[in-house]
Amino acid sequence: MTDQSSNQMWGGRFAAGPDAIMEAINASIGFDKRMAAQDIAGSRAHAAMLAAAGVITDNDAEAIREGLLTVLSEIEGGTFQFSTALEDIHMNVEARLKEIIGEPAGRLHTGRSRNDQVATDFKLWVRDQLDAAESGLLALIRALLSQAEAGADWVMPGFTHLQTAQPVTWGHHMMAYVEMFGRDLSRVRDARARMNESPLGAAALAGTSFPIDREMTAKALGFDRPAANSLDAVSDRDFALEFLSVASISAVHLSRFAEELVIWSSAQFRFVTLSDRFSTGSSIMPQKKNPDAAELIRAKVGRIFGANTALMMVMKGLPLAYSKDMQEDKEQVFDAADNWMLALAAMEGMVKDMTGNRESLAAAAGSGFSTATDLADWMVRVLKVPFRDAHHVTGTLVAMAESRGCDLPDLSLADMQGVHEGITDDIFSVLGVENSVNSRMSYGGTAPAQVRAQVARWREILAG
C-alpha cells in the first residue's frame, strides 16, 4: 500500500503522507491485527444492519459480506499483506476489501466511525479472553478438587508466618485455593456481564443521523444491549481496566500457590513431587529438579500488574471523548491476557501432575508442637479452665517439652499434672495430629468429613 492510498482513506485531508517517524508512532497494525476476526465480525454485523435499515442495498451488503470473508480467509491463511501506512487493522481490512469488491466497500463505513469500531473490536476481543479465562479457571478448580478429594484425610502442617501452627489436611489446603480461584471465576463472570454492551453505532462521539438499528447489531454480536451514551461508548475503557484488575487479583492467587509449590518441592520440605513436565534439571548439579514452571508463574504475574498500572495511567487524565492516547490501551491488555492464560494452564498442569508426599506431610504435621492449641482447648472444654489460664499452662508444657527435645505427646501424665493437677489421661486423645484434624468439625474446618463436604458442594456448583 502507498502513502497515496492512505491519503485517500483520510479523505484528502493531507497533501502528503506522514514521514517515517509519524508513520511509526501513529501505526498500531503491529499489534492490533490480533483483533482481525473481531473487526470483521463487527463489519459484517454493521453491513447487514445497514441493508436491513435501507441505508445500503442488499447487493452491496452481500458483496461486503463475501469480501470480508475473503479478507478473513487471507488473514487466517497468512497471505494478507499488512501495511503500516494504513495504520491499523480497520484501515487495512477496508483497503483490501476495496481491492476485492470495489465501490461497495466505500459504503461499509456509513453510520459509524473508527472510534466506535475500535471500541467494539476491543470489547469483543476482551470478552473472548474472559471466556478463555473462565475455561482456564474451571479446569484449574477441577484439578484442585481432585487433589483435595484424594488427600482429604492426609495430615500436614498448617502455617502462620511460615511457622508450624496447627495440623490441617492436604484436602483442606487444596480447597483454600478452590475458594480463591472460585472468587476469580465469579469476578470473570461479573466483568463479562458488566461489559457486554455494544459501542457500535455511537459513531465518532455523538451518534449518527442515519436510521441505524443498534439493537440489531448488538444482538448479532452477542451483546446484551447497545451502550446508552455515545460519548461514554467511544471513550470507555472500563472493561479493559476491569479485565486487568480481575487478572491481577487472579495472578496474586497464582503467584501465592506458585510460591508454595517452590517451597514444598524443596529438599527441605519434600511435601510434593512435581512431574518432569513442569520441572527442569541443573546444568551442573545432577541431583537437582527445579520447579521452573512455578517460578515462571511467580515472575510473569508482574507483567499483569504492570499492565494494570500502565492502562490506568493512560486513562486517568483523558477528557471525553476519544484521544489518540487510547491507542496505547491494547498492547498491555494483549500481553497480560497472554500471560494470565499461560499461567492458568501451567498451574492446572502442575496441580494435575503433582504428587503429594503423604509421609513427609504427616511427619511435618506433628512437628513444632502443632497440637498445643488442642491441649489448651481440651482444658477449657473439659476442665472449664479460662482460656488465658489454659494458654499459660500449655506454654509451660511446651517449654518443658522443648527443653527435653521431645513433643507434647511424649510428656508423661505426671509431667503434665506437675503443671496442672487437673489434667487426666484423656488429654492424649487430643494430642495426636489425626485426632486434632478430626476434631475440627466446624463449618469450613479441616476435618476430613468437612473437606469432603466442601468438595461435594463445589462439584454440585460446577455441575449447575
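Not measured: the values here are computed from a predicted model. (Residues numbered from 1 in each chain as written. Predicted model: local features only at pLDDT ≥ 70, side-chain atom pairs only at ≥ 80, totals over all residues. Heavy atoms only, no water.)

**Student:** Please give an account of the nonpolar core that cites residues and values.
**Tutor:** Generally speaking, soluble globular proteins have nonpolar side chains that are buried together. Residues Phe257, Trp264, Trp340 and Met347 are the most contacted members of the largest nonpolar core, which totals 79 residues. For this core, the element with the highest residue contribution is helix α11 (residues 238-264), accounting for 15 residues. Ignoring any residue separated from it by four or fewer positions in sequence, one finds Phe257 in contact with Leu144, Met174, Tyr177, Phe181, Trp264, Met347, Val351 and Met354. Counting 21 residues, the second-largest nonpolar core is a separate cluster that includes Met49, Val71, Phe80 and Ala105. (Core = buried A, V, L, I, M, F, W, Y, C linked by side-chain atoms within 4.5 Å. Buried < 20%, exposed > 50% of the residue type's maximum accessible area, 1.4 Å probe, protein only. Helix = DSSP H or I, 4+ residues; strand = E, 2+ residues; numbered from the N terminus. Contact = heavy atoms within 4.5 Å.)

**Student:** Go over the pattern of salt bridges, please, and point to the residues and values.
**Tutor:** Applying the stated rule across the entire model yields 27 salt bridges. Measuring nitrogen to oxygen at the nearest pair gives 2.3 Å for the salt bridge that ties Glu66 to Arg65. Residue Arg194 pairs with Glu242 through a salt bridge whose shortest N-O separation is 2.5 Å. In this pair, Arg194 sits in helix α8 (residues 170-195) while Glu242 sits in helix α11, placing the two residues 48 residues apart along the sequence. One salt-bridge network, in which partners are shared between bridges, spans Asp60, Glu103 and Arg107. (Salt bridge = Lys/Arg side-chain N within 4 Å of Asp/Glu carboxyl O.)

**Student:** Tell me about the packing of aromatic side chains, and name the residues and values.
**Tutor:** The description of an aromatic ring pair uses the distance of the two centres, along with the angle that the planes make with each other. Scanning the model with the defined rule gives 12 aromatic pairs in all. Aromatic side chains Trp170 and Trp264 sit 5.7 Å apart centroid to centroid with 40° between the ring planes, which places their arrangement in the tilted category. Taken together, the positions of Trp170 in helix α8 and Trp264 in helix α11 put the pair 94 residues apart, joining distant regions of the chain. With respect to class, Trp170 is no different from Trp264; both count as buried. Taken together through their ring pairs, the aromatic side chains of Trp154, Phe159, Trp170, Trp264, Phe269 and Phe271 make up a single cluster. (Phe/Tyr/Trp six-rings, centres within 6.5 Å; stacked < 30°, edge-to-face > 60°.)

**Student:** An account of unusual backbone geometry is requested, with residue identities and associated values reported.
**Tutor:** Note on backbone geometry: most residues besides glycine have negative phi, and most peptide bonds are trans. Note that the residue after Leu320, namely Ala321, is joined by a cis bond; omega there is 5°. Along the polypeptide, Ala321 turns up in the loop between α12 (292-315) and α13 (330-353). Not every positive phi belongs to a glycine, and Glu87 is a case in point at roughly 75°. By the element assignment, Glu87 lies in the loop between α5 (58-77) and α6 (89-101).

**Student:** Can you lay out the side chain of Glu74 for me, pointing to particular residues and giving the numbers?
**Tutor:** Relative to the elements of secondary structure, Glu74 occurs in helix α5. Under the relative-accessibility criterion, Glu74 is labelled buried at 16%. Setting aside anything within four residues of it in sequence, one finds Glu74 in contact with Thr79, Phe80, Arg96 and Ile100.

**Student:** Tell me about the packing of α5 against α6, and please be specific about residues and values.
**Tutor:** Contact geometry for α5 and α6: axes closest at 9 Å, N-to-C directions at 120°. Remark: the crossing between α5 and α6 carries right-handed chirality. For the pair α5 and α6, the contacting residues are Ala63, Ile64, Gly67, Leu68, Thr70, Val71, Glu74 and Ile75 in the first and Val93, Arg96, Leu97, Ile100 and Ile101 in the second. Counted by class, the contact of α5 with α6 contains nine nonpolar, two polar and two charged residues. (Axes fitted to C-alpha atoms, helices over the stretch in contact; angles between N-to-C directions. Left-handed = near helix turned anticlockwise from the far one by under 90°. Nonpolar A, V, L, I, M, F, W, Y, C, P; charged D, E, K, R; others polar.)

**Student:** Residues and numbers for the environment of Met341, please.
**Tutor:** Note on placement: Met341 falls in helix α13. The contact partners of Met341, leaving out residues within four places of it in the chain, are Gln129, Ala132, Ala133 and Phe243.

**Student:** Account for the pairing of strand β1 (residues 155-160), naming residues and giving values.
**Tutor:** When β1 meets strand β2 (residues 163-169), the two strands line up antiparallel, connected through five bridges. If you follow Phe159 over to β2, its bridge partner there is Thr164. Linkage of β1 to β2, two consecutive antiparallel strands, is achieved through a turn of two residues, within which His161 is found at a positive phi near 60°. (Pairing = 2+ DSSP bridges.)

**Student:** Provide a residue-level description of helix α4 (residues 36-52), including the pertinent values.
**Tutor:** A rise of 1.5 Å per residue sets the reference length of α4, with its 17 residues, at 24 Å; its end C-alpha atoms lie 24 Å apart and thus fit the reference within 8%. Within α4, 12 of the 17 residues are buried, which leaves the element mostly enclosed by the surrounding structure. Buried within α4 we find Ala36, Gln38, Asp39, Ile40, Gly42, Ser43, Ala45, His46, Ala47, Met49, Leu50 and Ala51. At the C-terminal side of α4, Gly54 shows a positive phi close to 80°. (Expected span 1.5 Å × (residues − 1).)

**Student:** So, helix α16 (residues 387-404): which residues are in play, and what are the values?
**Tutor:** Along an α-helix, a turn takes 3.6 residues, which lines up residues three or four apart on a common side. Relative to the 26 Å expected for 18 residues at 1.5 Å per residue, α16 spans 26 Å between its end C-alpha atoms, a close match to the ideal helical length. Of all the positions in α16, only Ala390, Val393, Thr394, Leu397, Val398, Met400 and Ala401 are classed as buried. Buried residues of α16, seen end-on, are gathered within an arc of 160° and therefore sit on one face of the element. Residues of α16 that are exposed and point more than 90 degrees away from the buried face comprise Arg388, His392, Glu402 and Ser403. (Arc of directions from axis to C-beta.)

**Student:** How would you explain the confidence of the model for the protein if you had to name every residue and give the values?
**Tutor:** Across the protein, pLDDT averages 90, with 94% of residues at or above 70. In this model residues 1-6 is a low-confidence stretch, pLDDT under 50, and it forms 12 contacts with partners more than four residues away in sequence or in other chains. The low-confidence segment residues 282-287 (pLDDT under 50) makes two contacts with residues lying over four places distant or belonging to another chain. (pLDDT = per-residue confidence, 0-100.)

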